[in-house]
Amino acid sequence: MAASFITFEGLDGSGKSTHLKRAAEWMRAGGLEVRCTHEPGGTPLGDAIRGLFLDPRWESVEPRVEALLVFASRRQHLHELVEPALRAGVNVLCDRFTDSSLAYQGIGRGLARPWLEELDRLATDGRRPDRTLLFDLPAETARGRGQSPKRRQREGGLDRFDALDLAFYRRVRDGFLDLARDDPERFLIIDSSGDVESTWAQVEVAMGQIVKVRAS
Ligand SMILES: Nc1ncnc2c1ncn2[C@@H]1O[C@H](COP(=O)(O)OP(=O)(O)OP(=O)(O)O)[C@@H](O)[C@H]1O
Ligand SMILES: [Mg+2]
């Protein structure tokens, strides 16, 4: 079976990283090869761009510049890591991809969808993942989770997105849900408003629909 390109999407604090790690362990236990990666970043150049992208020193980054940075990182990521891994038969699990750009830079920042689609076409030829898990929960709940902005402020790790208000995150959540409604064949919506175990139970079912693992 061809390797799958699976992305994990949702708000900050929605549980993407927690469940991506667990999904990778689940796939490996089932005999599949998996490469875990993330955006922005995933390559040395991409991670350098990620540092620029999140750095709170640039208080106002013009929205198009923000989008150009993430798509530059994405182009390099596809070229250097994602496509070669898939060609070699390795499944790729990626924390965020183009849907995050459409939700955050599009709906959140207000960039026009046709402009973002043109940029996407130039940078990635409109590449989409095979399947996408959307971790959905109210913005308030996501903001209150373990790595909440308050806690990170205390620990000195606040990034540029932590400063944004709840209204921004509510728009982004709705943006993700609209994307999922427009492409129901690709998206699987995971209700991540509950605890980790109830969320994982849904992820395990979803992963079972996407890949075939060896029975353990
Ligand atoms: N249902 C749940 N699913 C996942 N994490 C949860 C859940 N309930 C509480 N948590 C806690 O929420 C925190 C955030 O989870 P995680 O880091 O996986 O989110 P994330 O989507 O990767 O966020 P970010 O975009 O900021 O990296 C973790 O500390 C986790 O233990
Ligand atoms: Mg994360």
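These notes cover the structure that comes with them. Remember, predicted model here, so these are calculated numbers, not experimental data.

The next thing to look at is the site of ligand 1. Gly13, Lys16, Ser17, Thr18 and Gly194 are the nearest of the 17 residues found near ligand 1. Here an oxygen atom of ligand 1 and a side-chain polar atom of Lys16 are 2.7 Å apart. Between ligand 1 and the protein, one listed contact pairs a nitrogen atom with a backbone N or O atom of Asp195 at 3.1 Å. When ligand 1 is considered free in solution it has 630 Å² of accessible area, and contact with the protein chains removes 75% of it. For the shell around ligand 1, the secondary-structure elements that each account for two or more residues are helix H1 (16-29) and helix H9 (196-210). Tallying contributions element by element places H1 first for the shell around ligand 1, with four residues. Among the residues forming the shell around ligand 1, the class breakdown is two nonpolar, 10 polar and five charged.

Turning to the pattern of salt bridges, a few remarks are in order. As enumerated under the stated definition, the model contains 15 salt bridges in all. In this structure, the salt-bridge partner of Glu117 is Arg113, at a minimum N-O distance of 2.7 Å. Taken together, the residues Glu117 and Arg113, both in helix H5 (residues 113-124) and four residues apart, mark about one turn of the helix. Of the residues examined, Glu117 reaches a relative accessible area of 36% and is grouped as partly exposed. Two residues, Arg186 and Asp183, come together in a salt bridge whose shortest N-O distance is 3.0 Å. Looking at Arg186, the relative accessible area reads 6%, which means it is buried. With relative accessibility at 26%, the residue Asp183 sits in the partly exposed group.

On to the nonpolar core, then. The biggest cluster of nonpolar side chains holds 26 residues, and the ones touching the most others in it are Leu11, Tyr104, Phe161, Tyr169, Val172 and Phe176. Counting only elements with at least two residues in this core, the list comes to helix H2 (44-54), helix H3 (63-87), helix H4 (98-108), H5, helix H6 (139-143) and helix H8 (166-182). The dominant element in this core, judged by the number of residues it contributes, is H8, at seven residues. Ignoring any residue separated from it by four or fewer positions in sequence, one finds Phe161 in contact with Phe53, Leu54, Glu66, Tyr104, Gln105, Arg109, Arg143, Phe168 and Tyr169.

Our next topic: unusual backbone geometry. Residue Pro40 is bonded to the preceding Glu39 through a cis peptide linkage, with omega at -10°. The residue Arg96 is not glycine, and still its phi comes out positive at about 75°. Here Arg96 shows up in the loop between strand E3 (91-95) and H4. Despite not being glycine, Asp125 shows a phi value in the positive range, around 60°.

Our focus in this paragraph is the packing of H2 against H3. When two helices pack together, their arrangement is captured by the angle between the axes and the distance separating the axes. Orientation of H2 relative to H3, taken along the N-to-C sense of each, is 165°, at an axis distance of 9 Å. Taken together, the axes of H2 and H3 are roughly antiparallel relative to one another. The chirality of how H2 crosses H3 is left-handed. Residues Pro44, Leu45, Gly46, Ile49 and Phe53 of H2 touch H3, and the partners they reach there are Glu66, Leu69, Val70, Ala72, Ser73, Gln76 and Glu80. Each residue belonging to the contact of H2 with H3 can be placed in one class, and the counts come to seven nonpolar, three polar and two charged.

About the cut-offs
- Each chain carries its own residue numbering, running from 1 in the written order of its sequence.
- Each chain takes a letter, starting from A, and each ligand takes a number, starting from 1, following the order in which they are written.
- At least 70 in pLDDT is required for a residue's local features to be given in this predicted model, at least 80 for side-chain atom pairs to be given and counted, and no such filter applies to totals for whole chains, interfaces and linings, which use all residues.
- Where side-chain values are given, they derive from all heavy atoms of the structure, hydrogens and water being excluded.
- If a single non-hydrogen atom of a residue is within 4 Å of a molecule or strand, that residue counts as near it.
- Within 3.5 Å is the distance limit for a polar contact, defined as a pair of N or O atoms, with the added protein rule that one can donate a hydrogen and the other accept it, and that residues adjacent in sequence qualify only through two side-chain atoms.
- Note on areas: Shrake-Rupley, 1.4 Å probe, and residue coverage restricted to the protein chains presented here.
- Secondary structure elements are defined from DSSP: runs of H or I of at least 4 residues count as helices, runs of E of at least 2 residues count as strands, and each element is numbered from the N terminus.
- All residues other than Ala, Val, Leu, Ile, Met, Phe, Trp, Tyr, Cys, Pro, Asp, Glu, Lys and Arg, Gly among them, are scored as polar; the first ten of these are nonpolar and the last four charged.
- Salt bridges are defined as contacts in which a side-chain nitrogen from Lys or Arg sits within 4 Å of a carboxyl oxygen from Asp or Glu.
- Exposed residues in this analysis have more than 50% of their type's maximum accessible area, buried residues have under 20%, and partly exposed residues fall in between, with area computed by a 1.4 Å probe over protein chains only.
- In plain words, nonpolar cores are sets of buried Ala, Val, Leu, Ile, Met, Phe, Trp, Tyr and Cys residues tied together by side-chain atoms within 4.5 Å.
- Residues count as neighbours in contact if any of their non-hydrogen atoms are within 4.5 Å of one another.
- Simply put, an axis is a line fit to the C-alpha atoms, just over the touching stretch for a helix, and the angle between two N-to-C directions goes from 0 to 180 degrees.
- In what follows, roughly perpendicular refers to angles from 65 to 115 degrees, roughly parallel to angles under 35, roughly antiparallel to angles over 145, and oblique to any angle outside these ranges.
- Crossing handedness is defined as follows: a turn of the near helix away from the far one that is anticlockwise and smaller than a right angle gives a left-handed crossing, while the clockwise case is right-handed.

Function-wise, these values are silent; they only describe arrangement.
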